[in-house]
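# Close look at the chain arrangement
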Amino acid sequence: ESEDEEDPVDVRDMDAIYARRIQWPGRKLVHRSQEVMELVGDLLRAMQQQFAQRYFLRLQPAIGVGSAFEGWSPCEEDTVYQVILPLKPCHGYLFHVEQDNTGENPAKNPRIRVEVECICSRVQLGDDCLCFFHHFKEELRMKNSPNLLDMICTGSCLDTHKIAAWIQNFVKSVWAAVPQSLCYKMRLLPSLHSCKMELTDASGRALVIEILTGVQQGDSNSFLISQDTQATSTPSTTWLESCAVAEAEFFRYMARQVPRGRWHLKCLYVCARIALGTSLSSDVIKTVVMHLLTTTPLTVWRRVDFLARLQDIMRYLHGCLEKKCLNHFCVGNENKPKGIVLLQECQRAQPGNLFQHLENNPDAHAKALREFEML
């Protein structure tokens, strides 16, 4: 940590002594995150070259999300590096997100309908472009292209399972063309909703990458993503509302604001690490730290304040457990940085309670309190 040191601290300072003994995986996470983004970028370019002349989805640059890219993953070697691959429709198509009963807001876990639009008036597209709305069959015949709606949709709705299978097939077909194929042996892991790859190098070290697909909501940091659900009754055409990109933006913002040393991440890592195996998930610990970062002066997140910040996190968590209430950080939170943009309906919504399940389950509440005392 020498390059991240602040002002010299007396070795008798217990905060400094404890802090120096923590084996924090920050630099390894940064290095491997960069490696993952480079690999996914190479895969994306190879895929785009293969179907550049076909009428299909437009794949946008991937976005790293989750604890590994935020710099604090408690799972160490078991870390899964998740990226979201934003999807946009090719010309001649539109994505229409299903609305709720009022017709004003997106439905909860909505479907995304693919609609054909008329582009006859778009002269700038060139003479060789036909309007799908008026010349759909002729365009497919000329380009010898598969029907987009059949390949990735069920009915007229984007199907998460079909899109995942489509991306998996492309990854298999282009893997030999990317430079990383010389260093890694790639194996696709079973997944219905994503493309999950296990990469193993010559030393046997494994790297797991999961590519999720998503559709951005306007110009916001809100996304609808392909969801992992164990419920067999949930249709594959439903998409999950996600604030993962907004949370990633939050941690990037904080990295520019807090003092050197990334001690807010080290506090988060320590608390999440010791909570592994309990009902107090890493998401709960992260939400607590995110709330504290926006309600306490950023100047106090330093090495010399290390134990004090750990105590703050535990006190805040204890208070939330006693009240059975821990509000979601992004939705409905006026304290979040202005650079994080959500849909208006998300900003106006009542924040979700991560401890809602404790309200009507006294046994679960008692267990959570016992686990907290152990921590």
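Everything below is about the structure shown above.
What comes next is a walk through the structure.

The rules behind each value
- Residues numbered from 1 in each chain as written.
- Predicted model: local features only at pLDDT ≥ 70, side-chain atom pairs only at ≥ 80, totals over all residues.
- Heavy atoms only, no water.
- Helix = DSSP H or I, 4+ residues; strand = E, 2+ residues; numbered from the N terminus.
- Buried < 20%, exposed > 50% of the residue type's maximum accessible area, 1.4 Å probe, protein only.
- Contact = heavy atoms within 4.5 Å.
- Areas by Shrake-Rupley, 256 points an atom, 1.4 Å probe, with all protein chains shown as cover.
- 1 Å grid on protein atoms, 1.4 Å probe; cavity = no way out; pocket = protein on both sides within 12 Å on 5 of 7 lines; lining within 4 Å.
- Points joined across faces, edges and corners; volume = space filled by probe spheres on them.
- Nonpolar A, V, L, I, M, F, W, Y, C, P; charged D, E, K, R; others polar.
- Domains from an automatic or database assignment.
- Expected span 1.5 Å × (residues − 1).
- Core = buried A, V, L, I, M, F, W, Y, C linked by side-chain atoms within 4.5 Å.
- Pairing = 2+ DSSP bridges.
- Axes fitted to C-alpha atoms, helices over the stretch in contact; angles between N-to-C directions.
- Parallel < 35°, antiparallel > 145°, perpendicular 65-115°, else oblique.
- Disulfide = S-S within 2.5 Å.
- Salt bridge = Lys/Arg side-chain N within 4 Å of Asp/Glu carboxyl O.

## Comments concerning the overall build of the protein
Regarding its fold elements, the protein presents 13 helices and 12 strands. Across the 375 residues of the protein, 47% fall into the buried class. Of the contacts formed within the protein by residues at least 6 apart in sequence, a portion of 65% connects residues at least 24 apart. Summed over all atoms, the accessible surface of the protein reaches about 19500 Å², with 50% contributed by carbon and sulfur.

## Structural notes on unusual backbone geometry
One non-glycine residue with positive phi stands out, namely Arg262, at about 55 degrees. By the element assignment, Arg262 lies in the loop between α7 (244-257) and α8 (263-274). Look at Lys324: it is not a glycine, yet its phi comes out positive at around 55 degrees. When you line up the elements, Lys324 lands in the loop between α10 (306-323) and α11 (344-348).

## Concerning the layout of surface pockets
Within this model, the largest pocket holds a volume of roughly 1400 Å³. In this structure, the largest pocket is lined by 50 residues; those nearest its centre are Ser242, Cys243, Ala244, Glu247 and Asp283. Elements that contribute at least two residues to the lining of the largest pocket include exactly α3 (67-70), β3 (80-88), β10 (206-216), β11 (223-225), β12 (240-242), α7, α9 (282-295) and α11. Looking at the lining of the largest pocket, the element that brings in the most residues is α9, giving 4 residues. Classifying every residue of the lining of the largest pocket by side-chain character gives 22 nonpolar, 17 polar and 11 charged. Each of domain 1 (24-245) and domain 2 (258-374) gives at least three residues to the lining of the largest pocket.

## A short note on the environment of Glu373
By the secondary structure assignment, Glu373 is in helix α13 (residues 362-374). The exposure class assigned to Glu373 is exposed, which follows from its relative accessible area of 57%. Here the alpha-carbon distance between Glu373 and His318, two residues 55 residues apart in the chain, equals 9.0 Å.

## Quick word on the environment of Val65
With respect to the helices and strands, Val65 occurs in strand β2 (residues 63-65). Measuring from C-alpha to C-alpha, the distance between Val65 and Cys243 comes to 9.8 Å, with 178 residues separating the pair along the chain. Dropping the residues within four chain positions of it, Val65 is found in contact with Gln82, Ile84, Ala244 and Val245.

## Thoughts on α10
Taking 1.5 Å per residue as the helical rise, α10 with its 18 residues ought to reach 26 Å, and the 26 Å between its terminal C-alpha atoms agrees with that figure. Listed as buried for α10 are Phe306, Arg309, Leu310, Asp312, Ile313, Met314, Leu317, Cys320 and Leu321. Lys324 sits one or two positions beyond α10 and adopts a positive phi of about 55 degrees.

## Quick notes on the nonpolar core
Ranked by internal contacts, the top residues of the largest apolar core, which has 45 residues, are Leu158, Met197, Leu199 and Ile209. Among the elements of the structure, α2 (26-50), β3, β4 (93-97), β5 (112-116), α5 (148-152), α6 (160-174), β9 (195-200) and β10 are those that each provide at least two residues to this core. In terms of residue count, α2 provides more of this core than any other element does, 8 residues in total. Setting aside chain neighbours within four positions, we find Leu199 in contact with Leu39, Trp175, Tyr184, Lys185, Met186, Arg205, Ala206, Leu207 and Ile209. Formed by 43 residues, the second largest nonpolar core is a distinct cluster that contains Leu265, Cys267, Cys330 and Phe355.

## Overview of the pairing of β4
Side chains Tyr93, Phe95 and Val97 of β4 all project onto a buried face; the interleaved residues Leu94 and His96 project onto a face where none is buried. Where β4 and β5 come together, 5 bridges link them in antiparallel fashion. For Leu94, the partnering residue across the bridge sits in β5 and is Glu115.

## A short note on the packing of α2 against α6
Two elements in contact, α2 and α6, have axes whose closest approach is 10 Å; the angle formed by their N-to-C orientations is 95 degrees. It follows from the interaxial angle that α2 and α6 lie roughly perpendicular. Two secondary-structure elements touch here, α2 through Leu43, Ala46, Met47 and Gln50 and α6 through Ile167, Phe170, Val171, Ser173 and Val174. In the contact of α2 with α6, the residues fall into 7 nonpolar, 2 polar and no charged.

## Re the state of the cysteines
Following the criterion strictly, the structure yields 0 disulfides and no others. The closest cysteine sulfur to the non-disulfide-bonded Cys271 is located on Cys267, 6.7 Å from its own sulfur. Left without a disulfide partner, Cys320 is nearest to the cysteine sulfur of Cys325, which lies 6.8 Å away.

## Observations concerning the pattern of salt bridges
Where side chains of opposite charge bring their charged atoms close, a pairing between them can arise. In the structure shown here, the tally under the stated rule is 11 salt bridges. Of the charged contacts in the structure, one is a salt bridge between Glu70 and Lys286, with a shortest N-O distance of 3.4 Å. Taken as a pair, Glu70 in helix α3 and Lys286 in helix α9 lie far apart in primary sequence, 216 residues in all. Each member of the pair, Glu70 as well as Lys286, is classed as buried.

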